[in-house]
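# Remarks on the overall topology
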Amino acid sequence: MRHLVVTRAGPAMTVQDGGRLGMLMEGLSRGGAADSVALAEGAALLGQSVDLAALEMAGHGGAFTVSDTTRIALTGAPMRADIDGKSLPWNASHVIAPGQTLTVGGCEKGTYGYLHLGGGIATQPILGSRAAHLVAGIGGLVQAGDRLPLGPDARTEPGLVLGVDDRFSGGAIRIVESAQSALFTASERARFEATDFTRDVRANRMGVRLTMEGEGFAADRQLSILSEVIVPGDIQVTGDGTPFVLLPECQTTGGYPRIGTVIPADLPAVAQAGPGALLRFRFVSFEEALEAERRHRTMLRDLPRRPRHAVRDPRDMPDLLSYRLIDGMISAHDT
Amino acid sequence: MTAAQGGFPAIRTLGLTGLLVSFADQLSEPANRAALAFRAAVEREGLPGVEETSTSLASVFLRFDPLAVAPGDLRERIAALLGTRDWYSAPLPANRRRWRIPTVYGTDLAPQLEEAAEAAGMTADAAVAELSRTTVRVLTIGFAPGQPYLGELPPAWDLPRQVALTRRVPEGALVVAIRQFVLFSAPTPTGWRHIGQTAFRAFRPQSETPFPLRPGDELIFPAIGRDEFDQIRAADTSGDGGATVETIA
């Protein structure tokens, strides 16, 4: 079986796919890729199923070799990447051969970068998914020395690139009302919408703690809400007034009041907001949120048709006559 | 509470893709039964657009696809279903089991027995005598995979959660607060007091039965000594930790 060999690993690297949907009744949250759009982009670049597992790299990448010639794609938070010193464009697919080393460095912006492999990572599924769910004790961190098995990949097409909007620098996040929005006064909600937040360094796959200037936010009956089901996107306000946006690996129940819920289309931008990126939240109507969801699904549906062939730069092809696309020496201009 | 009152049951929107049906704003046995029975009814109905249902202590959560069903229409279907009976008098789920899970109370394994007993106004011996003979029921599974919330304990155990968290209690810890036990399925920080330790694994990801407990199951935590516990833990490969189980209904 083909393998990806991890020769160096950043501190928070995990195998991720779409996670385990439908197990709330058993107390297991969905988990899966922190940035679900990046998962879909990688699948589009490699022309394969969005259900295949990829490597999620939080903050830092690592170094990798392969047992056999393998197609790869890089998506999510842009990171410095090269094969044997030759830099690779992000949001693109490439080929790596045995003996070559792929090196992925730190994030240029954003938080979660993804390394996708032709055929996907083929570790043993647990409860229907290959996604590590660290809080639940399913799977674990990928570490130096690990050999990750890869699924079969019949395809060999050359490098593709994908134009991607910036969802790695914070910005305006749309929210709708949640169970306890009405417990926050109109002026408290207005102050929430007017506040610039940044991602706290303590953020992880369970949730993003938001930091801000000024006082915390207070609801009536702050501490006496009976525990209810909570889901990714919910913005919980803890006892000291700090908001947390829940991410895919959140717990399944909670008793903190929720001021609102981030719409699914904007949740990747919250997960990806890097250090110092500003986040602002804006309540939108249910109708506006529905329209955003419609557009988001259309975008995801159309993704597989969007990758374009990389424009090859003759300067990168010193010996044009012997040039073969499979060797991976393909560069791409920004689209 | 035996029937709908005080604005309950209530249907609320929860983000773009969720509805929450609440049967009470505090835990009661009838409200818990109502939530379990209503969730089962929603599953039986197979409502279009509903993709997942779950319960917590006294509410039912529905995840739906807002592009497959108009939220207003779904709310109407839910309201109609709520009106078909008095859910607070619904029976408990079928196929319930009674588990007896051997437990060490106190010792260095469960260091907060003494302070919990004092907070409940009794000696540690009296606390063990009461807690080890009380039958509790799985009210809900949640927070962490397979993890049961168990109740209700006698009124003396209406202890507030600690303000300061215990940094880490281990898997299998039996903790107490607000007239409930939780049997932790994974190591976790908590504000609940750690009064007993079991070798029971409430989440077994590699097993045929990854989630052994179900809402409605009854649990008893008989007291055993430290030696017996160590033997059980050393010999156990199933995750049952010496527990016995029988069908009761």
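Residues numbered from 1 in each chain as written. Chains lettered and ligands numbered in written order. Predicted model: local features only at pLDDT ≥ 70, side-chain atom pairs only at ≥ 80, totals over all residues.

Turning our eyes to something else, we now look at the domain arrangement of chain A. According to the domain assignment, chain A contains domain 1 (3-162 + 306-327) and domain 2 (171-299). Looking at the side of domain 1 of chain A that touches domain 2 of chain A residue by residue, the classes come out as eight nonpolar, nine polar and three charged. (Domains from an automatic or database assignment. Nonpolar A, V, L, I, M, F, W, Y, C, P; charged D, E, K, R; others polar.)

Whenever strands of a sheet pair, they do so through backbone hydrogen bonds, lying parallel or antiparallel. Residues and elements named next belong to chain B. Spatial strand order, β6-β13-β10-β11-β8-β7-β14-β5-β15: nine strands in an open sheet with mixed pairing. Strands with a single pairing partner mark the edges of an open sheet, and in this sheet they are β6 (104-105) and β15 (244-247). Where strand β7 (residues 136-141) lies against strand β14 (residues 218-220), two bridges are found, and the strand directions are antiparallel. Pairing of Arg137 across the sheet is with Glu218, part of β14. (Pairing = 2+ DSSP bridges. Helix = DSSP H or I, 4+ residues; strand = E, 2+ residues; numbered from the N terminus.)

Moving on: the UniProt feature "domain: Carboxyltransferase" (unreviewed entry) in chain B. Per the UniProt annotation, the sites labelled "domain: Carboxyltransferase" (unreviewed entry) are residues 9-213 of chain B. This span, residues 9-213 of chain B, is 21% helix and 29% strand, and a straight line between its end C-alpha atoms measures 27 Å. (UniProt positions renumbered as here; feature names shortened; annotations may be inferred.)

A separate point is the confidence of the model for chain A. Averaged over every residue, the pLDDT of chain A is 91; residues scoring 70 or more account for 92%. Low confidence marks residues 318-335 of chain A, where pLDDT is under 50. Its contacts with residues over four positions away, or in another chain, come to 33 contacts. (pLDDT = per-residue confidence, 0-100. Contact = placed C-beta atoms within 7 Å.)

This paragraph deals with the nonpolar core. By size, the foremost hydrophobic cluster in this structure holds 159 residues, and its most contacted members are A:Val270 and B:Val175. No other element matches helix α1 (residues 36-46) of chain A, which puts seven residues into this core. (Core = buried A, V, L, I, M, F, W, Y, C linked by C-beta atoms within 7 Å. Buried ≥ 20, exposed ≤ 12 C-beta atoms within 10 Å, placed from the backbone.)

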